[in-house]
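# Coordinate inspection notes
Now for the letters of each chain:
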Amino acid sequence: MEGPGEPYPADSWYTATAQALDPFPAVDGDIKADVAIVGGGFTGLSAALHLAERGVDVVLLEANRVGWGASGRNGGQIHSGQRRDVEWTEAHLGVERSKRLWALAEESKALVRDLIARHDIDCDLRDGLYATAHKKRFVESEKRYVEKLRRDYGYEAVEWVDQEPLADALGTDVYYGGIHDAGAGHLHPLNFALGIARAAAAAGARIHETTEVTALEDGAMPVLVTTRGRVTADTVILAGNGYLDGVEPDTESRVMPINNYILATEPVGAGQDGGILKGGEAASDSRFAVYYWRPTPDGRLLFGGGETYSRRFPSDVRSFVRKHMLKIYPQFRNTRIDHAWGGTLAVTASRMPRIRKLRTGVYVGAGYSGQGVTIAPLAGKLLADALTNAPGRLDDYASIPTPQFPGGKWLRTPTLIAAMTWFALRDRL
Ligand SMILES: Cc1cc2nc3c(=O)[nH]c(=O)nc-3n(C[C@H](O)[C@H](O)[C@H](O)COP(=O)(O)OP(=O)(O)OC[C@H]3O[C@@H](n4cnc5c(N)ncnc54)[C@H](O)[C@@H]3O)c2cc1C
């Protein structure tokens, strides 16, 4: 695993196209704030921005650079709904809560668009996403799902696309059909994160990079012990997600880091007339270990797939992801791969996020299970709402249990590997 103070990943297309932001200074000695946030990804940056806009004295501590974690490395895909579909949320949480969670997810997409517009963030936002079926047996249930969203949730941006037109749109015939979601989309996540950081700093948030939090001491006022000094605050928000390690053992036994990988090809006309993804949309598929891809503005294919579960990344990420890409786009066998990188996200056993108050003065937002481009910025805002004018805003998430992984923090990885291997096998059946 990379250590504190690391630069952005050198081989990432996002790093290569980032709108550079001057470094923020490290903490220097002991300081105080109303709210101290651990982690400068979408969760922490959104919380910092919304708190600072309301006049709260807020400090954000980031071990590396803002946007260095999953927020600056991900697929950039904006999905509708929660990570679990409405059939799952209805069955486990009831119809009324399912509808409220759907509404929150709609709010999260609107928040992303609003942040981009309000703060003039240049991050290549595009509309449209295909969710494709990689097994014929999924077709009928997916068609019914489209009808359910339209009928029961009033969500009319989705429509079913048959195999042939889908193949034409994607430039691959390996899928049996898919859902086109005009309300979903994609963006450049690192530039989105840097834009929120810029806005938060302008609103008065004190951002400190290269400052790793090594311990949280509970007391009348919580204290964050850092490599650069002690930070005392009325309230602490833990927003380290998959990178938080050794600060909050209980959350770490319920939120598990896993790694995922992306490559960017040389320009192949993706998202352009005559190329793949002609309409410029993103796409993802129905595999449990999901494949996801999208065009870049300069016509590259950005393809994500492949997971690992230890802190170490494969030594050759290009080859690791390329074999997955070739299953979908064999025509790119001789195409140059210009960039490849990995990142660490966090999953929960239920795949629903852990957003809540943990105890007096300590809050957490984590475990988006692969859907943090929209839900993490929302979590940051809900946490800011909870600390200022609307404590009830966390309730719909806070009341969803986050079970411990069997074996807790230390044994969760072998258990997860066993489970994931089974699901990956099921993808192939
Ligand atoms: C390869 C990949 C592809 C993905 N694709 C998608 C996608 O297409 N769509 C989608 O919705 N989601 C996707 N995700 C998930 C999404 O990126 C995350 O859910 C989201 O970015 C989480 O944001 P965050 O702020 O909670 O965490 P992060 O962005 O990981 O930020 C956490 C930050 O906290 C810092 N930190 C941790 N511990 C400490 C400490 N002790 N002291 C100081 N700082 C600390 C880290 O350095 C890091 O910068 C993907 C993730 C990966 C890795």
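Report follows, based on the coordinates. Going along each chain's sequence as written, the residues are numbered from 1 onward. Restriction of local features to residues with pLDDT of at least 70 applies here, the model being predicted, together with a cutoff of 80 or more for giving and counting side-chain atom pairs; totals for whole chains, interfaces and linings are based on all residues.

Labels follow the DSSP assignment, with helices taken as runs of H or I lasting at least four residues and strands as runs of E lasting at least two, numbered in each case from the N terminus. From N to C terminus, the protein includes twelve helices and 17 strands. The atom set for the radius of gyration is the C-alpha atoms, and the globule formula is 2.2 Å times the number of residues raised to the power 0.38. Here the C-alpha atoms of the protein give a radius of gyration of 21 Å, agreeing with the 22 Å that 2.2 N^0.38 yields for 429 residues. Along the first, second and third principal axes, the C-alpha atoms of the protein reach 65 × 45 × 45 Å. Our exposure labels follow a C-beta count within 10 Å of each residue's own C-beta, placed from the backbone: buried means 20 or more other C-beta atoms, exposed means 12 or fewer, and partly exposed covers the counts in between. Relative to its 429 residues, the protein shows a buried fraction of 50%. Considering only contacts in the protein between residues 6 or more positions apart, those separated by 24 or more positions represent 74%. Once C-beta atoms are placed from the backbone, any two residues with those atoms within 7 Å are in contact.

Every axis corresponds to a line fitted to the C-alpha atoms, with the helix fit spanning only the stretch in contact, and the corresponding angles, defined between N-to-C directions, vary from 0 to 180 degrees. Where helix α2 (residues 42-53) contacts helix α10 (residues 372-387), the two axes come as close as 7 Å, and the packing angle between them is 40 degrees. With respect to α10, the element α2 is oriented oblique. Between α2 and α10 lies a crossing of right-handed hand. Taking contact as the criterion, the partners of F42, T43, G44, L45, S46, A47, H50 and L51 in α2 are, on α10, G372, A376, P377, A379, G380, K381, L383, A384 and L387. Three categories are distinguished: nonpolar for Ala, Val, Leu, Ile, Met, Phe, Trp, Tyr, Cys and Pro, charged for Asp, Glu, Lys and Arg, and polar for the others, with Gly belonging to the last. When its residues are assigned to classes, the contact of α2 with α10 shows ten nonpolar, six polar and one charged. Working rule for angles: under 35 degrees goes down as roughly parallel, over 145 as roughly antiparallel, 65 to 115 as roughly perpendicular, anything else as oblique. Each crossing gets its handedness from the near helix: less than a right angle anticlockwise from the far helix is left-handed, clockwise is right-handed.

Turning to the site of the ligand, a few remarks are in order. Residues are counted as near a molecule or strand when the C-beta atom, derived from backbone positions, lies within 6 Å of that molecule or strand. Looking at the ligand, there are 45 residues lining it, with G39, G41, G69, G75 and G372 nearest. Elements supplying a minimum of two residues to the shell around the ligand: α2, β11 (255-265), β15 (337-348) and α10. When residues of the shell around the ligand are assigned to their parent elements, the largest contribution, four residues, is made by α10. Considered class by class, the residues forming the shell around the ligand number 18 nonpolar, 24 polar and three charged.

With that settled, consider the nonpolar core. Soluble globular proteins tend to pack their nonpolar side chains together in the buried interior. Under the definition applied here, buried Ala, Val, Leu, Ile, Met, Phe, Trp, Tyr and Cys residues are grouped into a nonpolar core through C-beta atoms within 7 Å. In this structure, V35, A36, I37, A48, V58, L61 and A200 are the most contacted members of the largest nonpolar core, which totals 120 residues. Take this core: its biggest share by element is ten residues, from α10. For A48, the residues in contact, after removing those within four places along its chain, are I37, V58, L60, A200 and A205.

By the element assignment, L61 lies in strand β2 (residues 58-61). Residue classification places L61 among the buried residues on the basis of 30 C-beta atoms within 10 Å. Ignoring sequence-local partners within four residues, the contact set of L61 consists of V27, A36, I37, V38, H208, T211, V213, L224, T226 and V231.

To continue, consider helix α7 (residues 189-203). Helix span is expected to be 1.5 Å times the residue number reduced by one. Here α7 spans 21 Å end to end across 15 residues, near enough to the 21 Å set by a 1.5 Å rise per residue. For α7, a buried count of 13 out of 15 residues is recorded, marking the element as mostly surrounded by other parts of the structure.

For the rest of this paragraph, the subject is the packing of α2 against α7. Relative to each other, α2 and α7 sit at 25 degrees, their axes nearing to 8 Å. Here α2 lies roughly parallel to α7, going by the angle between them. Between α2 and α7 the crossing geometry is left-handed. Residues F42, L45, S46, A48, L49, A52 and E53 of α2 form the contact with α7, whose own contacting residues are A193, I196, A197, A199, A200 and A203. Across the contact of α2 with α7, the residue classes tally to eleven nonpolar, one polar and one charged.

A separate point is the environment of L326. Structurally, L326 is set in helix α9 (residues 317-328). For L326, a count of 14 C-beta atoms within 10 Å translates into the label partly exposed. Sequence separation of L326 and Y261 is 65 residues, and the distance between their C-alpha atoms is 15 Å. Dropping the residues within four chain positions of it, L326 is found in contact with F332 and R333.

Turning next to the pairing of strand β12 (residues 282-285). Side chains of β12 alternate between two faces, with A282 and S284 and A283 and D285 buried alike. When strand β4 (residues 126-132) meets β12, the two strands line up parallel, connected through four bridges. Among the inter-strand pairings, L129 is bridged to a residue of β12, identified as A282. In this description, strands pair whenever DSSP reports at least two bridges between them. Note: β12 against strand β13 (residues 292-295), two bridges, orientation antiparallel. What sits directly across from S284, in β13, is Y292. Linking β12 to β13, which pair antiparallel, is a turn of six residues.

Here α9 spans 18 Å end to end across twelve residues, near enough to the 16 Å set by a 1.5 Å rise per residue. Contacts from the buried residues of α9 go to β11, β14 (301-308) and β15.

A few words on the pairing of β15. Most of β15 sits inside the fold, with ten of its twelve residues counted as buried. Taken together, the eleven bridges between β11 and β15 define a ladder with antiparallel strand orientation. Looking at the pairing, I258 lines up with L345 of β15.

Attention now moves to unusual backbone geometry. Backbone geometry at D124 places phi at a positive 55 degrees, although glycine is not the residue there. With phi around 70 degrees, R351 is a residue other than glycine that occupies positive phi space. Within the fold, R351 resides in the loop between β15 and β16 (354-359).

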